[in-house]
Amino acid sequence: MTPLGLGLAGCGAFGAYLLDAVADLPGIRVVACADPDRDRAAALARRHGAAVCPDAAALAGLRGVDVVAIATPPATHADLAVGALRAGRHVFCEKPLAVTLEDALRVEAEAERSTGVLVVDHVLRYNPVLRMLERLRGEGLLDPLVRFAFENDAADEDLGPGHWFWDPAHSGGIHVEHGVHFFDAARALIGSEPVEVQGTAVHRDGGPVDIVVATATHPGGAVATHTHSFTHAHRAERQLMRLDYGFAEARVTGWIPTHATITAWTDEEDARRWEELPGRTAELLAVPGLRPHGGEGITVSVERDAGPAAPARGRGVERSVPHRVTCVVDLGGEARKQHVYAESVRAAFADLLRCAADGGTPVADAASGRSAVAVAEAATRSAASGRTEPVPAPPTAGSAR
């Protein structure tokens, strides 16, 4: 097949990172780079043997461009995505899909009408650790998720006072600019859209909001809590995702997850199933388009209780759970973070190429992007009002506006 031509809008640090991650994918060739800084666009274009386009909005009309990758500041995403979709181009959009729900709905509606495929760069959807947790849930080794908690102590060293990150008009605020990754991850792992959210925002002295918290309630009583603090030095960054499955708990580390410890209480039959997981490492961690480095591993140990098993109850479910299982999933830890990040971006782009060639719906589609923005906007609104705010219900099929 003739490779699809890729035009990049935004040649900053992430735009360059994106091209480096996807340029060698079969079925793609980089043909154009656009950025307000023409010298920056020219340097990146030379590196990839591409042309320079003077205007990001003009990329979709450039001969040879079949896919527009959007790596510009968040407030520009919606207009660029709509323009490219309207021109029949495929779109790979860095998160967030838009900085307002109104604009996210506009993009979603255009994606429904367009012949192009849209993928939002929600990289956690393409992370091997979270993909494995979804598989274990599907196989019945994990019960439904009842509690999702994410704590992100992130760095602000590269975010000077004048950086667009701090300006909600450009970024949408922390819930929108960064939180959408985790609102989307919670939606995927819990399996539902949240119905309401309570948000909190904290200002640094004389400065912008730098800590936000959102607690979202999902149907059936599942709860997701998200905390983001941009107050740390790089060396002191840390992230923890804690997932409560009732009779099991997963602790996932890193905002790009590279390590997880799953503790489960189970019976003898399922303990044997857990013990088989190391032999299925490649299968369980597989993500189409993501190339493993070869050092990934799964280890399982079981502490068996030789005594009689007393029934245990959780969330209305009674089970005999005499054994404690510890499963460790290791993608190489922090040392492999950049590999996992780049490969997750590559997998998201491969998803776009696969759907463009064969049809189907991408894992991180326009609905995924819209849903995350809806929660983020409601959390931001709640922080300002002091009230729990409803999350707008998703549009019915074919009715996005």
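Calculation criteria
Residues numbered from 1 in each chain as written. Predicted model: local features only at pLDDT ≥ 70, side-chain atom pairs only at ≥ 80, totals over all residues. Heavy atoms only, no water. Phe/Tyr/Trp six-rings, centres within 6.5 Å; stacked < 30°, edge-to-face > 60°. Helix = DSSP H or I, 4+ residues; strand = E, 2+ residues; numbered from the N terminus. Buried < 20%, exposed > 50% of the residue type's maximum accessible area, 1.4 Å probe, protein only. Pairing = 2+ DSSP bridges. Contact = heavy atoms within 4.5 Å. Axes fitted to C-alpha atoms, helices over the stretch in contact; angles between N-to-C directions.

K.L.:
Lay out the packing of aromatic side chains in plain terms, naming residues and giving numbers.
P.N.:
As enumerated under the stated definition, the model contains eight aromatic pairs in all. Ring geometry for F150 versus F182: centroids 4.0 Å apart, planes at 15 degrees, classification stacked. Here F150, found in strand β7 (residues 147-155), pairs with F182, found in helix α8 (residues 180-190); they are 32 residues apart in sequence, far enough to count as distant. Taken as a pair, F150 and F182 share a single burial class, namely buried. Ring centres of F165 and W166 lie 5.1 Å apart, and the angle between their planes is 85 degrees; this geometry places the pair in the edge-to-face category. Like W166, F165 is buried. Members of the aromatic cluster, connected to one another through ring pairs, are F14, Y17, F150, F182, W255 and Y341.

K.L.:
How would you sum up the pairing of strand β10 (residues 223-232)? Please name residues and give values.
P.N.:
Within β10, seven of the ten residues are buried, which leaves it mostly tucked inside the rest of the structure. Across nine bridges, the pairing between β7 and β10 is parallel. When the sheet's bridge partners are listed, A154 is paired in β10 with F230. Both strand β9 (residues 209-217) and β10 contribute to a ladder of seven bridges, which runs antiparallel. Following the sheet pairing, V212 is matched in β10 by H228.

K.L.:
Account for the sheet that holds β10, naming residues and giving values.
P.N.:
Strand order in the open sheet formed by ten strands is β14-β17-β13-β12-β11-β7-β10-β9-β8-β18, and the pairing between neighbours is mixed. Among the strands making up the open sheet, the edge pair consists of β14 (297-303) and β18 (389-390). When β7 meets strand β11 (residues 238-244), the two strands line up antiparallel, connected through seven bridges. Within β11, the residue paired with F150 across the bridge is M241. On top of the sheet, helix α12 (residues 366-385) reaches β8 (196-203), β9 and β18; it is set at about 60 degrees to β8, its chief contact.

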